[in-house]
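# Examination of the molecular architecture
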Amino acid sequence: MLIANVSPRTMAKTTDTAWLSHALEEDEEQYDVLGYDADHSKQFHNWSKKAKGDFRFPVHLQASAQFHKEVVPPAGKTIAMVDCGHSENHPHITDSVLRIADLVILHMSPTGADWERIVEPPDATPFMDILKRSAPLRATRRMPPTWVLLNRTVANASSTGYYREEMTKEGYDVFTTAIPRSEMFGQSLGFPIVDARKTAFGSLVTEMKKRGLLPVEEREEQAEQ
Ligand SMILES: Nc1ncnc2c1ncn2[C@@H]1O[C@H](COP(=O)(O)OP(=O)(O)OP(=O)(O)O)[C@@H](O)[C@H]1O
Ligand SMILES: [Mg+2]
């Protein structure tokens, strides 16, 4: 499967993508991750190089508007994790990735600023419209399943619940798991990622499995019968 990690602008995508990739690799289902950096800033790719020896998976440079022709979503328990650039500035790349995404994770902080850039951007296409316009170009003819991941949340702050509800009102599914604001995540770019499964990203993988968003053993066996 292929997971597109998206947001209109800087919203902690690369940080979330790298940590979630490691949590998937560390999970008991033993997922294999293939990284794709679809952002010209190359931060996911460069991180994988700097942290050499720790990133157990390759991160390919693929900031291309022909992404859907160049990449084949892997089968089985191999998961392509795609870090997209700003959809506001590079809509053609995001459009291309959305054509073949099995799952979209929309990364955002629970703030009015991020909400506005997703839902009512003054100078860009609302993200829901970007998702909807992908439908006719997809094999399924439907927009890809899309989940919002709230990040940089603060314990007991009302913003988390408030923006979860606001995004739900806009028609989005929102993960129960939220990624807390922390110095460990904020300073992690370029450094090895260790024990991701013991962090909120491990809880996120558990939630994704429970919601049937990730391949699990039983399903593969059923499919073979
Ligand atoms: N959980 C977190 N807690 C604290 N800081 C965080 C957290 N996650 C990310 N950050 C910080 O937020 C900033 C943006 O993160 P990041 O670079 O991952 O965003 P991005 O969406 O990939 O941005 P861009 O689209 O510009 O590449 C960075 O300074 C990063 O260190
Ligand atoms: Mg980034």
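Quick note: structure is the one above.
Below you will find a few notes about this structure. Keep in mind it's a predicted model, so treat the numbers as computed, not measured.

Summing up its helical and strand segments, the chain has 10 helices and 8 strands in all. A compact globule built from 225 residues should have a C-alpha radius of gyration of about 17 Å, and the chain, at 16 Å, falls within 12% of that. Over its C-alpha atoms, taken along the principal directions, the chain stretches across nearly 45 × 40 × 35 Å. Taking all 225 residues of the chain together, 52% fall into the buried category. Taking contacts inside the chain between residues at least 6 apart in sequence as the whole, the part at least 24 apart equals 80%. A total of about 10700 Å² of accessible surface is found on the chain, and carbon and sulfur atoms cover 48% of it. Within the chain, one finds 26 positive and 32 negative side-chain charges whose respective centroids are separated by 2 Å.

Time to look at the layout of surface pockets. Here the largest pocket defines a volume of roughly 240 Å³. Residue lining of the largest pocket: 14 residues in total, with Thr 10, Ala 12, Thr 14, Thr 15 and Gln 43 positioned closest to the centre. For the lining of the largest pocket, the secondary structure elements donating two or more residues are helix H1 (13-26) and helix H8 (183-186). The greatest single-element share of the lining of the largest pocket, amounting to 3 residues, is contributed by H1. In terms of residue class, the lining of the largest pocket is made up of 4 nonpolar, 7 polar and 3 charged. Considered as a void within the structure, the second largest pocket measures approximately 200 Å³ in volume. Lining the second largest pocket are 13 residues; nearest its centre among them are Thr 15, Arg 152, Ser 182, Phe 185 and Gly 186. Every element with two or more residues in the lining of the second largest pocket is listed here: H1, strand E6 (146-153), strand E8 (179-180) and H8. Tallying contributions element by element places H8 first for the lining of the second largest pocket, with 3 residues. For the lining of the second largest pocket, a count of residues per class yields 5 nonpolar, 4 polar and 4 charged.

Criteria and cut-off values
Residues numbered from 1 in each chain as written. Chains lettered and ligands numbered in written order. Predicted model: local features only at pLDDT ≥ 70, side-chain atom pairs only at ≥ 80, totals over all residues. Heavy atoms only, no water. Helix = DSSP H or I, 4+ residues; strand = E, 2+ residues; numbered from the N terminus. Rg over C-alpha atoms; globule rule 2.2 N^0.38 Å. Buried < 20%, exposed > 50% of the residue type's maximum accessible area, 1.4 Å probe, protein only. Contact = heavy atoms within 4.5 Å. Areas by Shrake-Rupley, 256 points an atom, 1.4 Å probe, with all protein chains shown as cover. Lys, Arg positive; Asp, Glu negative; His and termini not counted. Charge placed at Lys NZ, Arg CZ, Asp CG, Glu CD. 1 Å grid on protein atoms, 1.4 Å probe; cavity = no way out; pocket = protein on both sides within 12 Å on 5 of 7 lines; lining within 4 Å. Points joined across faces, edges and corners; volume = space filled by probe spheres on them. Nonpolar A, V, L, I, M, F, W, Y, C, P; charged D, E, K, R; others polar.

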